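Spelled out, the chains give:
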Amino acid sequence: EQQVSKLIFQALTESSPDKKGGRRPTSLQNIENIAAGPGFTTDEVKRVIDKFRGDTNSFIMPPDATKLYSGLYLDISHESLTRNWAELKDWMKEEADRAAIYRQLNEARIRNEKEPGIWIRGILLKELEKWRDSKEYDGEWAKRYQRLNEQQDPQETYAQIYEANMAYLDFCIK
């Protein structure tokens, strides 16, 4: 349950420039989609969310009186959690680090498309290979860190960007 908790709170929070962190309200459906990547079930996700919505642990809103459904947006109950819960701070830092690595991959791929022959090497390549091999991150996770312009169809384009990034990474590794 610790890994599911980590995933949920990483989805519901984000690092801010002041390092305090902040809220990222997220639909239950989005959290379930992200959790499916590393193999967690919808029931596991809901069970853990409910543990954090009870009378004694109201870390996730809305309270447990509200039935969970896929379109329901969840949020942390108070931003002070991001400042005062040491483990959550660690989870947020890990998420921010992984997001930064993924963004570097995306930027390198774009540069390579404009100027072929620009490959990722060295420490960044090793970090990206470790990130890829962890199987914790997939296209659903990556959507949070990809920017689209208004003409792009989000559902199709997110997947295309992620697949292009993974193909570029595979090519750099070989």
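Everything discussed here concerns the structure shown above.
Before going into details, it helps to say that this report is about the structure given with it.

### So, the side chain of Q10
Phase 1: Position of Q10 among the secondary structure elements: in helix 1 (residues 2-12).
Phase 2: With a relative accessible area of 7%, Q10 lands in the buried category.
Phase 3: Every residue in contact with Q10, bar those within four places of it in the chain, is listed here: R24, W91, E94, E95 and R144.

### Here's the deal with the nonpolar core
Phase 1: I8, L74, Y102, L105 and W131 are the most contacted members of the largest nonpolar core, which has 43 residues in total.
Phase 2: Looking at this core, the elements with two or more residues in it are helix 1, helix 2 (28-36), helix 3 (42-51), strand 5 (73-76), helix 5 (86-114), helix 6 (122-133), helix 7 (139-142) and helix 8 (154-173).
Phase 3: Looking at this core, the element that brings in the most residues is helix 5, giving eight residues.
Phase 4: In this structure W131 touches R98, Y102, L105, Y137, W141, Y162 and M166, once residues within four positions along its chain are discounted.

### Looking at the sheet that holds strand 4 (residues 60-61)
Phase 1: With antiparallel pairing, the three strands of this open sheet are ordered in space as 3-5-4. Either end of the sheet is taken by a strand with one partner, and the two such strands are strand 3 (26-27) and strand 4.
Phase 2: Of the strand pairs in this sheet, strand 3 and strand 5 are connected by two bridges, and their pairing is antiparallel. Across the sheet, T26 pairs through a bridge with L74, a residue of strand 5.
Phase 3: Here helix 1 sits on the sheet in contact with strand 3, strand 4 and strand 5, set at roughly 95° to strand 5.

### Let's talk about the side chain of R144
Phase 1: For R144, the location among the structural elements is in the loop between helix 7 and helix 8.
Phase 2: By relative accessible area, which is 15% here, R144 ends up buried.
Phase 3: The residues touching R144, leaving out its near neighbours within four places in the chain, are Q10, A11, R24, I34 and E95.

Quick notes on the rules
- Residues numbered from 1 in each chain as written.
- Predicted model: local features only at pLDDT ≥ 70, side-chain atom pairs only at ≥ 80, totals over all residues.
- Heavy atoms only, no water.
- Helix = DSSP H or I, 4+ residues; strand = E, 2+ residues; numbered from the N terminus.
- Buried < 20%, exposed > 50% of the residue type's maximum accessible area, 1.4 Å probe, protein only.
- Contact = heavy atoms within 4.5 Å.
- Core = buried A, V, L, I, M, F, W, Y, C linked by side-chain atoms within 4.5 Å.
- Pairing = 2+ DSSP bridges.
- Axes fitted to C-alpha atoms, helices over the stretch in contact; angles between N-to-C directions.

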